[in-house]
Amino acid sequence: MASDIRNTEKTNAMLAVCGSELFAHLDRLCAFLKYIVTEELEGRGALIMGKTIAQDVYDRDPAEEGDINNVVRVDARRLRQTLKHYYDTAGRSDPVRIFVDTGGYRPRFERVAIASSDKSENPRRTFGWAALSFVVGTGIGIGIAIIGLGENSETRVHQSTQIPTQDSLRRQAVIEQSASSLQAMNLADQARSMMFPIFDRPRQQLVTEVFRRVIELGPDYFGGYAGAAQALATLAIVTPPGPEKSELTREAMTMADNALRLAPADPWAQSAQAWAKFANREYNEAMRISKRAVALAPDDEHVLDIHGSIALFSGHFAEAARHAEKAMNGGRSNQRFANRNIFGAANFHLENYQTSLDAFSAAASYGDPISAPSFAYQTAALYELGKTKEAARKYAELKSSWPDADVEKMLTGIFKDPLHAEKVIKSMKALESNPN
């Protein structure tokens, strides 16, 4: 219970979070967390409001124009997600945890009993940020690699009876270079699965920071640069035109060039270069390079997802559907791949509306990434099928789940041809003008 947790323990819990590697570069979130914890410890927790945070943490004048509370809401959402990830990874052994429940900003503290066998188990796999265990997974990966290369004769005999996979051979080669390089590789592999949904800006910001850490651990490992290129390119895509967008695009291109310099023939490096080109609106070049990445790794779902996205948003809908379907039939499920969403969106533009709906329904069943645009596509498909009441319910669900999402800006900002975005948006406009 929170009542038996001393203030010193609560303070230590906050310091542990802000002192972690995950929060090392998240100064704004740490300032947010320190403020609400301090207010709570000084007896003012019930008085914490968005406007007080905006004023005291961000130096925002409550009288200024614009919705200053929106900045606070966005950062609160990021803080909840990042705390969730921290406690599922580096902070799994922290005795006191901090929560910021949805609908408010007042921190809540819980004491957690850590089982003695907890460190030997894989972390609980859940949908969302907690689905990946960056730090714990990295430690387990290094442990497995070191055991595999150890001097224990029984281990060597056991392994000699197995055919090493390409992945295990790759890790064995890297561990011979250094343990930190293997740590970088494991961290990058796990962060790579966090790339979708692409319209989730806080997600992309977090993934970018993780890949920056990968680069610190293994500056000669191409994967850190490839992953950073993809995350930065995605941030550029979802950022409105202006200096910030230009800087994100420039940095994405630089990271992609570094990845290619280190591993010119690697499909991930090629795919990252293609996505950076797409962010820079070099659509034909993006398709050309992405096709090469697929040729190099025809069964890599990550490469297929990026290629499907480039094809979809460039207007090559049949190509997007074909490669998404290939990825769907690859045998893996619930791995946060976007292939079913891509297949659904592509089929919508091919006017296969029921097929589109079925794909989005399957995506939800498998725990694939969901986003406001995926709900917009379902709304539009239902509307095109004449199911206006169902379309209205789906649209209401969209607005309830993502109240701040500007789907029109999201889609027009990513499609090469704005008319393709308009095909999705028009149904929502029709429902707004005629809600009955």
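Residues numbered from 1 in each chain as written. Predicted model: local features only at pLDDT ≥ 70, side-chain atom pairs only at ≥ 80, totals over all residues. Heavy atoms only, no water.

Caption draft 1: Structural view of the overall build of the chain. Across its full length, the chain holds 21 helices and 2 strands. The proportion of buried residues among the 436 residues of the chain is 51%. Contacts in the chain between residues far apart in sequence, at least 24 positions, make up 62% of those at least 6 positions apart. (Helix = DSSP H or I, 4+ residues; strand = E, 2+ residues; numbered from the N terminus. Buried < 20%, exposed > 50% of the residue type's maximum accessible area, 1.4 Å probe, protein only. Contact = heavy atoms within 4.5 Å.)

Caption draft 2: Summary view of the pattern of salt bridges. Counting across every chain of the model gives 27 salt bridges. Here Arg213 and Glu216 are joined by a salt bridge, their closest N and O atoms 3.1 Å apart. Here the residue Arg213 and the residue Glu216 both occupy positions in helix α9 (residues 201–217), the gap between them amounting to 3 residues, near one helical turn. Linked through salt bridges whose partners overlap, the residues forming this network are Arg6, Glu9 and Arg111. (Salt bridge = Lys/Arg side-chain N within 4 Å of Asp/Glu carboxyl O.)

Caption draft 3: Focus on the pairing of strand β2 (residues 107–111). As paired strands, strand β1 (residues 96–100) and β2 are joined by 5 bridges and run antiparallel to one another. Looking at β2, one finds that Phe99 is bridged to Arg108. Taking the residues that link successive antiparallel strands as the turn, the β1-β2 hairpin has 6 residues, and the phi of Gly103 there is positive, at about 100 degrees. (Pairing = 2+ DSSP bridges.)

Caption draft 4: Region of the structure containing helix α1 (residues 7–18). Between its terminal C-alpha atoms α1 stretches 17 Å, which fits the 16 Å expected from 12 residues at 1.5 Å a residue. Restricting attention to buried positions, one finds in α1 the residues Glu9, Lys10, Ala13, Met14, Val17 and Cys18. (Expected span 1.5 Å × (residues − 1).)

Caption draft 5: Representation of the packing of helix α15 (residues 317–328) against helix α16 (residues 339–349) in the model. Between α15 and α16, the least distance of the axes is 8 Å, while the angle of their chain directions is 150 degrees. The angle between α15 and α16 falls in the class roughly antiparallel. Relative to α16, α15 is oriented so that their crossing is left-handed. Counted together, Phe317, Ala320, Ala321, Ala324, Glu325, Ala327 and Met328 of α15 and Asn339, Arg340, Ile342, Phe343, Ala346, Asn347 and His349 of α16 form the full contact between these two elements. (Axes fitted to C-alpha atoms, helices over the stretch in contact; angles between N-to-C directions. Parallel < 35°, antiparallel > 145°, perpendicular 65-115°, else oblique. Left-handed = near helix turned anticlockwise from the far one by under 90°.)

Caption draft 6: Here's a closer look at the nonpolar core. Counting residues in each nonpolar core, the largest one holds 87 residues, and the members touching the most others are Phe211 and Phe278. With 11 residues, helix α10 (residues 222–237) is the single largest residue contributor to this core. Ignoring sequence-local partners within four residues, the contact set of Phe278 consists of Ile237, Tyr283, Ala286, Ile310, Phe313, Ser314 and Ile414. By size, the runner-up hydrophobic cluster in this structure holds 31 residues, among which are Met14, Ile36, Ala76 and Leu79. (Core = buried A, V, L, I, M, F, W, Y, C linked by side-chain atoms within 4.5 Å.)

Caption draft 7: Highlighting the side chain of Gln270. Among the secondary structure elements, Gln270 is positioned in helix α12 (residues 267–279). Overall, Gln270 belongs to the buried group, its relative accessible area being 7%. When residues no more than four places from it in sequence are discounted, the contact partners of Gln270 are Leu260, Pro264, Ile289, Arg292, Ala293 and Leu296.

Caption draft 8: Main features of the packing of aromatic side chains. The full count for this structure, using the stated rule, is 15 aromatic pairs. Here the aromatic rings of Phe23 and Tyr86 are separated by 6.3 Å at their centres, their planes lie at 85 degrees, and the arrangement is edge-to-face. You can see Phe23 sitting in the loop between α1 and α2 (27–41) and its partner Tyr86 sitting in helix α4 (residues 68–88), a full 63 residues away along the chain. Each member of the pair Phe23 and Tyr86 is classed as buried. A ring pair is formed by Phe32 and Tyr105, whose centres lie 6.3 Å apart and whose planes are at 65 degrees; its orientation type is edge-to-face. Of the two residues, Phe32 is situated in helix α2 and Tyr105 in the loop between β1 and β2; the sequence distance between them amounts to 73 residues. A single burial state applies to Phe32 and to Tyr105, both of which are buried. An aromatic cluster of three or more residues is present, and its members are Phe23, Tyr86, Tyr87 and Phe99. (Phe/Tyr/Trp six-rings, centres within 6.5 Å; stacked < 30°, edge-to-face > 60°.)

Caption draft 9: How the structure looks around the environment of Lys277. As for its placement among the helices and strands, Lys277 is situated in helix α12. Exposure remark for Lys277: the relative accessible area of 14% places this residue in the buried category. Once the C-alpha coordinates of Lys277 and Ala233 are considered, the two residues, 44 residues apart in sequence, prove to be 8.5 Å apart.

Caption draft 10: Geometry of the side chain of Ser314. Within the secondary structure layout, Ser314 lies in helix α14 (residues 301–314). A distance of 2.7 Å separates a polar atom in the side chain of Ser314 from the backbone oxygen of Ile310. Excluding residues within four positions of it along the chain, Ser314 makes contact with Phe278, Tyr283, Met287 and Lys416. (Polar contact = N/O pair within 3.5 Å; in protein donor to acceptor, adjacent residues only side chain to side chain.)

Caption draft 11: Focus on the packing of helix α19 (residues 388–401) against helix α21 (residues 418–433). Their axes nearest at 10 Å, the elements α19 and α21 cross at an angle of 95 degrees. Here α21 runs roughly perpendicular to α19, going by the angle between their axes. Contacts between α19 and α21 involve Thr388, Ala391, Ala392, Tyr395 and Leu398 on the former and, on the latter, Met428, Leu431 and Glu432. For the contact of α19 with α21, the residue count by class is 6 nonpolar, 1 polar and 1 charged. (Nonpolar A, V, L, I, M, F, W, Y, C, P; charged D, E, K, R; others polar.)

Caption draft 12: Quick look at the environment of Gly91. Relative to the assigned elements, Gly91 resides in the loop between α4 and β1. The class for Gly91 is buried, based on a relative accessible area of 0%. Each C-alpha atom of the pair Gly91 and Val17 lies 7.6 Å from the other, and the pair is 74 residues apart in sequence. Setting aside residues up to four positions removed in sequence, Gly91 forms contacts with Tyr86 and Arg97.

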